[in-house]
Amino acid sequence: MPADSTSPPLLRLGGVDKSFGAHQVLHGIDLELRAGEVVVLLGASGSGKSTLIRCVNRLETIDAGEILLDGVPMPLEGRELARMRAQVGMVFQSFNLFGHKTVLENITLAPVRVRGVPARQAQERAHELLARVGLADKASAYPAQLSGGQQQRVAIARALAMEPRVLLFDEPTSALDPEMTNEVLDVMSELAREGMTMLVVTHEMGFARRVADRVVFLDAGRIVESAPPRDFFAGPRTDRAREFLSKILTH
């Protein structure tokens, strides 16, 4: 489902700065995502990709600028932040599942506690989502009984259980071997086909080429290129992006 280029942005970052101590990590980031759009953030380690994505749902506070979801500024704290954060799902590099809870409990916890969904309804939805990510038979398993790829697919199901407007992915396959990586990328590709709005930090160039509507390239905390993947990979405009691709695509 292609994004509607005429609609107002679902997510907008305007002039976002972020520093850790004396080190400025993000410089004046302007970025928009429309409903149904998949944007992949690329850049070398330390370019600010993960910090940017963590700022979107206030896991990191910003020093300047604004972040708006559907035209409404993201609150700084409190109940309103929790309510809006529920609309912005996050899938982490390290899964972040609760080891002492079953897969089913991991998926139903937030809908019941944060959204007030009745437990039985949350469980029914969790079973649907597990089937969707190919893990219908794992509801009663614990995370330690699953492979890394299976744990990450559970993490995606957990994020989807909150019915988010936007899904953020912070290098979701970097801890996985190639076979498990493909399991996770297949699920993400299917979500994109279904029209989920996604902001993805990844080193998976094949995924970026195939699935992204737009590639955004960061260098030293600044957006230096933004283009459809076909254009970006065929002819990056900046020396820095050409250098990055020459290293990535030759390995």
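About the criteria used
Residues numbered from 1 in each chain as written. Predicted model: local features only at pLDDT ≥ 70, side-chain atom pairs only at ≥ 80, totals over all residues. Heavy atoms only, no water. UniProt positions renumbered as here; feature names shortened; annotations may be inferred. Helix = DSSP H or I, 4+ residues; strand = E, 2+ residues; numbered from the N terminus. 1 Å grid on protein atoms, 1.4 Å probe; cavity = no way out; pocket = protein on both sides within 12 Å on 5 of 7 lines; lining within 4 Å. Points joined across faces, edges and corners; volume = space filled by probe spheres on them. Nonpolar A, V, L, I, M, F, W, Y, C, P; charged D, E, K, R; others polar. Pairing = 2+ DSSP bridges. Axes fitted to C-alpha atoms, helices over the stretch in contact; angles between N-to-C directions. Contact = heavy atoms within 4.5 Å. Core = buried A, V, L, I, M, F, W, Y, C linked by side-chain atoms within 4.5 Å. Buried < 20%, exposed > 50% of the residue type's maximum accessible area, 1.4 Å probe, protein only.

## Quick notes on the UniProt feature "domain: ABC transporter" (unreviewed entry) in the chain
Move 1: Feature annotation in UniProt places "domain: ABC transporter" (unreviewed entry) on residues 11–245, given in this structure's numbering.
Move 2: A distance of 28 Å separates the end C-alpha atoms of residues 11–245, which is 38% helix and 26% strand.

## Quick notes on unusual backbone geometry
Move 1: One non-glycine residue with positive phi stands out, namely Asn96, at about 60°.
Move 2: Relative to the helices and strands, Asn96 is located in the loop between strand S6 (88–91) and helix H3 (103–113).
Move 3: With a phi close to 55°, Glu163 is a non-glycine residue in the positive phi region.
Move 4: Residue placement: Glu163 occurs in the loop between helix H5 (148–160) and strand S7 (166–170).

## A look at the layout of surface pockets
Any empty space left between the atoms is revealed when a probe the size of a water molecule rolls over them.
Move 1: Estimated volume of the largest pocket: approximately 550 Å³.
Move 2: The wall of the largest pocket is formed by 20 residues, among which Arg85, Met90, Ala110, Arg158 and Met162 lie closest to the centre.
Move 3: Breaking the lining of the largest pocket down by element, the ones donating at least two residues are helix H2 (78–85), S6, H3 and H5.
Move 4: By residue number, the principal contributor to the lining of the largest pocket is H3, which donates four residues.
Move 5: Residues that form the lining of the largest pocket fall into these classes: 13 nonpolar, four polar and three charged.

## Focus on the sheet that holds strand S9 (residues 214–219)
Move 1: Pairing in this open sheet of six strands is mixed, and the strands run S6-S7-S8-S3-S9-S10 from one edge to the other. With partners counted over all chains shown, the strands left at the sheet margins are S6 and strand S10 (222–227), one partner each. With strand direction ignored, the average angle separating the axes of adjacent strands in the sheet is 20°.
Move 2: As judged from the five bridges shared by S9 and S10, these two strands associate in the antiparallel manner. In the sheet register, Val215 faces S10, and the bridge partner there is Ala227.
Move 3: Along the sheet, H5 makes contact with S6 and S7, crossing S6 at roughly 170°.

## Side note on the nonpolar core
Move 1: Formed by 49 residues in total, the largest nonpolar core has its most connected members in Leu42, Ile156, Phe169, Met188, Leu191, Met198 and Phe232.
Move 2: Excluding residues within four positions of it along the chain, Phe169 makes contact with Ile53, Val91, Ile156, Met188, Leu191, Met198, Leu199, Val200 and Val201.
Move 3: Within the second largest apolar cluster, 30 residues are counted, among which are Leu11, Leu13, Leu26 and Val216.

## A word on the sheet that holds strand S4 (residues 64–69)
Move 1: With respect to topology, four strands assemble into an open sheet ordered S2-S1-S4-S5, the strand pairing being antiparallel. The sheet is open, and its two edges are formed by strand S2 (23–33) and strand S5 (72–73), each paired on a single side.

## Considering the pairing of strand S1 (residues 11–20)
Move 1: Pairing of S1 with S2, which is carried by seven bridges, proceeds in the antiparallel orientation. Each residue of the ladder has a partner; that of Leu13, found in S2, is Leu31.
Move 2: Where S1 folds back on S2, the antiparallel hairpin that results is connected by two residues, among which Gly21 adopts a positive phi of roughly 65°.
Move 3: Bridge count for S1 against S4 is five bridges, and the pairing is antiparallel. Within S4, the residue paired with Leu13 across the bridge is Ile67.

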